[in-house]
Amino acid sequence: MSHWEADVLLKDGRVAQLRPITPDDADLLVEFYSRVSEESKYYRFFAPYPNLSDRDIKRFTHVDHHRRVAFVVTMHGDIIGVGRFDAPEDDPTVDVAEVAFLIEDAHQGRGVGQLLLEHLAQAGRERGIRQFVADVLPANQRMQQIFREMGYTVDGTFDDGIQRLSFMLDPTDTSIGVMQAREQRAEAASIARIFAARSVAVVGASRRAGTIGQAMVRNLVLGDYSGTVYAVNSAAEAVSGLPAYKTVQDIPGDVDLAIIAVPADSVSDVLLDCAAKGVHGLIVISAGFAEEGAEGRKRQRALLGLSRSYGLRLIGPNCLGVINTAQAHQLNASLSPTMPPQGRVGFFCQSGALGTAILESVSRRGLGLSTFVSAGNRADVSGNDLMQYWEDDPATDVVLLYLESIGNPRKFTRIARRLARRKPIVAVRSGHAMHALPLGHRVRRTTLPPEALDALFEQSGVI
């Protein structure tokens, strides 16, 4: 059942986890149920149901994951939504199952129900289920909307005050399009929150000249960032004229984005500090991860697991940072002292050295970028995420990608083909260039040394 586990993105770009329920979830389920409103409980059980009995808890958490399948969505280790389907256990030939959901009120409207239905439908198809049915109270408009928005053909009957909805699980062009559109919006939203950060904390900000922490603070301030910059240094009272806080949690205001420039073995502790503060995104400049062998890869996997379990998006580690040239959200959260002019090109790269060289070349030639991301080891945020964002970004007309590897080739191809219908893409993969044009899906591959990349950009007419 491990293939049913997934990191998922909600509508607002927050990361959550979806997985099968287990008997060990009994206490979490009780806590979750205590946070659900009486109205939502009534919609779920069609009667006042203030508490779960011991029998209920056992029935809900002990499932065979064949005829009875149940998933939970969690954030910060807490359950925020439960979905399940039940088919008759005494007749394995029945291919119809009843599906039901319960979402914590504070998280309703964030796409939790759609995610549960999407994954339950896939699990149902694997288990030979061809149709879902659901009994819904007429007043429960939100639940009816979830079923209809998923792109399935929904039939409905009404009897004794209860509406019974039913639909076949066979994927349709519409349902597949709906799922891909949901994915695109969620991933784009998660990146947009980073580019439009209203406040940034630099953890590891330093008073010493030539340090990464000092450079990050300087580049933010000199880059005309209009938001609030916070310096975090446990051993200083002030950094570059800014008051210094010992931890991120000590900062009095909200923090949208944190830049981490501390030794690798301290990064996880900083991440936990950021999670407790409610930070959305992390840019980990620190090295000492997968680029340093087996021990570094182990440290990076642990970092990624922590970031996802607490709903954080992670750029890096071992990265250069991000840049946004839009006047309303101008942001140089990178090690590059050069802020490129505003332009119509979005640029993603993994190599910090190449990124620095291109940024210098762009500025020297008077060219421009809309946004720039150096992903370093690319533990989380990848070129796929950026393509999802740039697809609907009105400030970007052309996309440039420098990739050392392609994590999910199928997803990359699917997104790139869709994006290339609207915006030209130049993708370079460690010595090979793939120039995708908006019309059709023809790809030309040529050998290209990295030092010739800026020449390719000019020849392609993309900057």
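Just so it is clear, the structure is predicted and the values come from calculations on it, not from any experiment.

(A) A look at the pattern of salt bridges. Summed over all chains, the structure comprises 23 salt bridges. Here aspartate 380 ties to arginine 313 by a salt bridge, and the two come within 3.0 Å at their closest N and O atoms. Linking aspartate 380 in the loop between strand E19 (369-374) and helix H11 (383-391) with arginine 313 in strand E15 (residues 313-315), this pair joins segments that are 67 residues apart in sequence. Taking the relative accessible area as the measure of exposure, aspartate 380 reaches 9% and is therefore buried. One network of salt bridges, in which partners are shared, links Asp7, Arg308, Arg313, Asp380 and Asp385.

(B) Geometry of the nonpolar core. Within the largest apolar cluster, 45 residues are counted, with the highest numbers of intra-cluster contacts made by Leu220, Ile259, Ile283, Val322, Leu401 and Ile425. A total of five residues in this core trace back to one element, the largest contributor, which is helix H12 (residues 409-420). Not counting chain neighbours up to four residues away, the residues in contact with leucine 401 comprise Phe348, Met387, Trp390, Phe412, Ile425, Val426, Ala427 and Val428. If you look at the next biggest cluster of nonpolar residues, it comprises 37 residues, including Trp4, Val73, Phe85 and Ala97.

(C) Summary view of the packing of helix H6 (residues 173-195) against H12. Interaxial distance between H6 and H12 falls to 13 Å at its minimum, and their mutual angle equals 90 degrees. Judged on the interaxial angle alone, H12 and H6 are roughly perpendicular. Facing Gln180, Glu183, Gln184 and Glu187 of H6, the residues of H12 in contact are Lys411, Arg414 and Arg418. Partitioned by chemical class, the residues of the contact of H6 with H12 number no nonpolar, two polar and five charged.

(D) Representation of the sheet that holds strand E4 (residues 78-86). Read across the open sheet, the eight strands follow the order E1-E2-E3-E4-E5-E6-E8-E7; overall the sheet is mixed. Looking at the sheet topology across the chains shown, the edges are occupied by strand E1 (6-9) and strand E7 (155-159). Each strand of the sheet is rotated relative to its neighbour by a mean of 25 degrees, with strand direction disregarded. Here strand E3 (residues 68-75) runs beside E4; their pairing, made up of eight bridges, is antiparallel. In the strand pairing of E4, valine 69 is matched with phenylalanine 85. Where helix H1 (residues 26-35) meets the sheet, it contacts strand E2 (15-20), E4 and strand E5 (96-103), and its direction lies at approximately 100 degrees from that of E4.

(E) Up close: the pairing of strand E21 (residues 425-429). Burial analysis of E21 places four of its five residues in the buried class, which makes it a mostly covered element. Alignment of strand E20 (residues 398-403) against E21, held across five bridges, turns out to be parallel. When the sheet's bridge partners are listed, leucine 403 is paired in E21 with arginine 429. Read as a crossover between parallel neighbours, the route from E20 over H12 to E21 is right-handed.

(F) Here's a closer look at H12. A rise of 1.5 Å per residue sets the reference length of H12, with its twelve residues, at 16 Å; its end C-alpha atoms lie 16 Å apart and thus fit the reference within 8%. The complete set of buried residues in H12 reads Lys411, Phe412, Ile415, Ala416, Arg418, Leu419 and Ala420.

What counts, and where the lines are drawn
Residues numbered from 1 in each chain as written. Predicted model: local features only at pLDDT ≥ 70, side-chain atom pairs only at ≥ 80, totals over all residues. Heavy atoms only, no water. Salt bridge = Lys/Arg side-chain N within 4 Å of Asp/Glu carboxyl O. Helix = DSSP H or I, 4+ residues; strand = E, 2+ residues; numbered from the N terminus. Buried < 20%, exposed > 50% of the residue type's maximum accessible area, 1.4 Å probe, protein only. Core = buried A, V, L, I, M, F, W, Y, C linked by side-chain atoms within 4.5 Å. Contact = heavy atoms within 4.5 Å. Axes fitted to C-alpha atoms, helices over the stretch in contact; angles between N-to-C directions. Parallel < 35°, antiparallel > 145°, perpendicular 65-115°, else oblique. Nonpolar A, V, L, I, M, F, W, Y, C, P; charged D, E, K, R; others polar. Pairing = 2+ DSSP bridges. Right-handed = clockwise from strand over helix to strand, strands pointing away. Expected span 1.5 Å × (residues − 1).

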